[in-house]
Amino acid sequence: MKVLIINAGSSSIKYQLIAMPMEQVICSGLLERIGSKEAKLTYKTADTDREETLEIPDHKTGFRKIAAYLLDVNIGVVKNIDQIEIIGHRVVHGGTTFSNTTLITKEVKDKIKALSILAPLHNPHNLEGIVLAEEIFPNANQIAVFDTAFHQTMPEKAKKYAIPNYFYNEHHIQAYGFHGTSHKFVSEKAITHLQKKDSKMISIHLGNGCSMTAIKNGRSIDHSLGFTPSNGLIMGSRSGDIDHSLIFYLVNTLDYDLDAVSTLLIKESGMKGLTGSSDLRDVQSEAEKGNQDCILALEMNAYRIKKYIGAYVAALNGIDAIIFTAGIGENSNLLRKMICSDMDYLGIVLDDSKNEMKSASLREINSNSSKVKLLVIPTNEEIEIAKQSYNLLRSD
Ligand code: ADP
């Protein structure tokens, strides 16, 4: 069965066609800069690696172009559109409404639309992707997989804010958590690797967005992102945790309006605000040359993660494994080393040479004396979405 995975953003569409249940990627690609005369579309299969620069005025044109590649007589991968039986959509915010992967109906679309108020940068584009996919692939089953779903198991003591109950009860103001598809995927891999179902682990997803999850027996019990994906760790361009009084100070004393505050904290802070670049590779190479801002930003980043590890070990009352994943977690041996240094009190001891080895598959980087397993696990949100979509239909 062929499952097309769609991750539609404000100016991009990421796609992958996956054969299930073999989890075999048939083709993958990315359309970027939708709305521009110089949009970029990539298309990759076992024998083709194309990159095209073209005018893509809107998402609809983009979708049609992707479908044309999939069906192309020479380099396509399906003979007709109906060979794609399932379309799995990444949807960022499922609120309290969606705790599981869901077959999309008119009612589901209405709810995703209503939840746009909680994720204005993501849900409207995810929904547009769904509507267009329904138009272009009318006979496929459309399925939504929510980033927030994995965290629905968080207990109230972890997800409620200490503000009057009215806001939780009437307005559903609470921590929702994000990157759930990735945390679920890597923690399941870790459970299989450890062969331990009743496990206590922390997964650390470090990409442009960064988050950590405390996972007990395969269930999320606490998580560093909250009502929106902006608090917690220091990210590429988001500040993570701050004293919220800073917002009042910016507005009342420094004459910022609220849009400017939002732009500052979400787009101009984090590693970008501290160093000028949100890309960790730039920060690391400048730090190597002695740039003090970059050295300090890396120290701040690692220190914040260490503090969350301490908090989650306390919440879990123990720890079997720590997982590093996503672009930075999988590739930055420097940041992993900084995070794991001086953590022997908690039984966390890194093996430097294992940490420096490169591999695209799951690997242990802890020393033999470490009580805690340190695992690098490549995340694959597309495979997880394909798995969940396929399993949903199979169970019907
Ligand atoms: P997204 O959240 O957009 O999916 P990714 O998971 O691709 O992001 O992660 C992007 C981050 O990973 C960037 O900060 C990038 O610098 C970092 N990264 C990628 N490769 C490396 C590497 N070899 N060393 C250090 N950081 C890396």
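**A word on the overall build of the protein**
Logical step 1: A tally of regular secondary structure across the protein gives 15 helices and 14 strands.
Logical step 2: Scaling as 2.2 N^0.38, a compact globule of 396 residues should have a C-alpha radius of gyration of about 21 Å, and the protein matches this with 21 Å.
Logical step 3: In terms of principal-axis extent, the alpha carbons of the protein reach across some 60 × 55 × 45 Å.
Logical step 4: Relative to its full complement of 396 residues, the protein shows a buried share of 48%.
Logical step 5: Considering only residue pairs separated by 6 or more positions, the protein has 61% of its internal contacts joining residues 24 or more positions apart.
Logical step 6: When the accessible surface of the protein is summed, it comes to about 19,000 Å², and 49% of that surface belongs to carbon and sulfur atoms.
Logical step 7: Considering the protein, the positive charge centre built from 43 side chains and the negative charge centre built from 47 side chains are found 5 Å apart.

**Structural notes on the site of the ligand**
Logical step 1: Around the ligand, the structure places 13 residues, and the nearest of them are Asn208, Asp279, Leu280, Gly327 and Asn331.
Logical step 2: Here Asp279 contributes a side-chain N or O atom positioned 2.4 Å from an oxygen atom of the ligand.
Logical step 3: With the chains in place, 69% of the 580 Å² that the ligand exposes on its own is no longer accessible.
Logical step 4: Looking at the shell around the ligand, the elements that each hand over two or more residues are α10 (280-288) and α12 (326-331).
Logical step 5: Here the residues of the shell around the ligand are counted per class, giving three nonpolar, eight polar and two charged.

**Some thoughts on the packing of α10 against helix α11 (residues 292-316)**
Logical step 1: Contact geometry for α10 and α11: axes closest at 8 Å, N-to-C directions at 120 degrees. In terms of axis orientation, α10 runs oblique to α11. The two elements α10 and α11 cross, and the hand of that crossing is left-handed. Note on element contacts: α11 touches α10 through Cys294, Ile295 and Leu298, opposite Leu280, Val283, Gln284, Glu286 and Ala287.
Logical step 2: Residues that form the contact of α10 with α11 fall into these classes: six nonpolar, one polar and one charged.

**Description of the sheet that holds strand β9 (residues 200-206)**
Logical step 1: With mixed pairing, six strands are arranged side by side in an open sheet as β11-β10-β9-β12-β14-β13. In the strand order of this sheet, the two ends are held by β11 (219-223) and β13 (363-364), each with one partner.
Logical step 2: Pairing of β13 with strand β14 (residues 373-376), which is carried by two bridges, proceeds in the antiparallel orientation. Counted as the bridge partner of Arg363 is Val376 from β14.
Logical step 3: Where helix α6 (residues 180-194) meets the sheet, its contacts fall on β9, β10 (210-216), β11, β12 (321-325), β13 and β14, and the angle it forms with β9 comes to roughly 135 degrees.
Logical step 4: Contacts from helix α13 (residues 333-340) reach β9, β12, β13 and β14, with the element oriented near 155 degrees to β12.

**Some details on the environment of Lys113**
Logical step 1: Note that Lys113 resides in helix α2 (residues 106-114).
Logical step 2: Classification of Lys113 as exposed rests on a relative accessible area of 56%.
Logical step 3: In sequence terms Lys113 and Leu127 are 14 residues apart; their C-alpha atoms lie 7.0 Å from each other.

**Brief notes about unusual backbone geometry**
Logical step 1: With an omega of 5 degrees, the peptide bond running from Met20 to Pro21 counts as cis.
Logical step 2: Counting through the fold element by element, Pro21 comes out in the loop between β2 (13-19) and β3 (24-32).
Logical step 3: Residue Arg33 is not a glycine yet carries a positive backbone phi of 60 degrees.
Logical step 4: Within the secondary structure layout, Arg33 lies in the loop between β3 and β4 (36-45).

**Here's the deal with the sheet that holds strand β8 (residues 141-146)**
Logical step 1: Read from one edge of the open sheet, eight strands run β5-β4-β3-β2-β1-β6-β8-β7, paired in mixed fashion. Both edges of this open sheet fall to β5 (49-56) and β7 (102-103), since each of them pairs with a single strand only.
Logical step 2: Bridge count between strand β1 (residues 2-8) and β2: seven bridges; the pairing is antiparallel. The residue bridging Leu4 from the neighbouring strand is Leu17, located in β2.
Logical step 3: Against the sheet, helix α1 (residues 59-71) engages β1, β2, β3, β4, β5 and β6 (84-91), with an angle of about 150 degrees to β5.

**Details of the packing of aromatic side chains**
Logical step 1: Under the criterion given, the structure shown has five aromatic pairs.
Logical step 2: An angle of 75 degrees between the planes, with centres 5.0 Å apart, marks the rings of Tyr166 and Phe167 as edge-to-face.
Logical step 3: By relative accessible area, Tyr166 is classed as partly exposed at 48%.
Logical step 4: Here the aromatic rings of Tyr308 and Tyr312 are separated by 5.8 Å at their centres, their planes lie at 70 degrees, and the arrangement is edge-to-face. With a gap of four residues between them, Tyr308 and Tyr312 both fall in helix α11, about one helical turn apart.
Logical step 5: We classify Tyr312 as buried; its relative accessible area is 3%.

Conventions adopted
- Residues numbered from 1 in each chain as written.
- Predicted model: local features only at pLDDT ≥ 70, side-chain atom pairs only at ≥ 80, totals over all residues.
- Heavy atoms only, no water.
- Helix = DSSP H or I, 4+ residues; strand = E, 2+ residues; numbered from the N terminus.
- Rg over C-alpha atoms; globule rule 2.2 N^0.38 Å.
- Buried < 20%, exposed > 50% of the residue type's maximum accessible area, 1.4 Å probe, protein only.
- Contact = heavy atoms within 4.5 Å.
- Areas by Shrake-Rupley, 256 points an atom, 1.4 Å probe, with all protein chains shown as cover.
- Lys, Arg positive; Asp, Glu negative; His and termini not counted.
- Charge placed at Lys NZ, Arg CZ, Asp CG, Glu CD.
- Near = heavy atom within 4 Å.
- Polar contact = N/O pair within 3.5 Å; in protein donor to acceptor, adjacent residues only side chain to side chain.
- Nonpolar A, V, L, I, M, F, W, Y, C, P; charged D, E, K, R; others polar.
- Axes fitted to C-alpha atoms, helices over the stretch in contact; angles between N-to-C directions.
- Parallel < 35°, antiparallel > 145°, perpendicular 65-115°, else oblique.
- Left-handed = near helix turned anticlockwise from the far one by under 90°.
- Pairing = 2+ DSSP bridges.
- Phe/Tyr/Trp six-rings, centres within 6.5 Å; stacked < 30°, edge-to-face > 60°.

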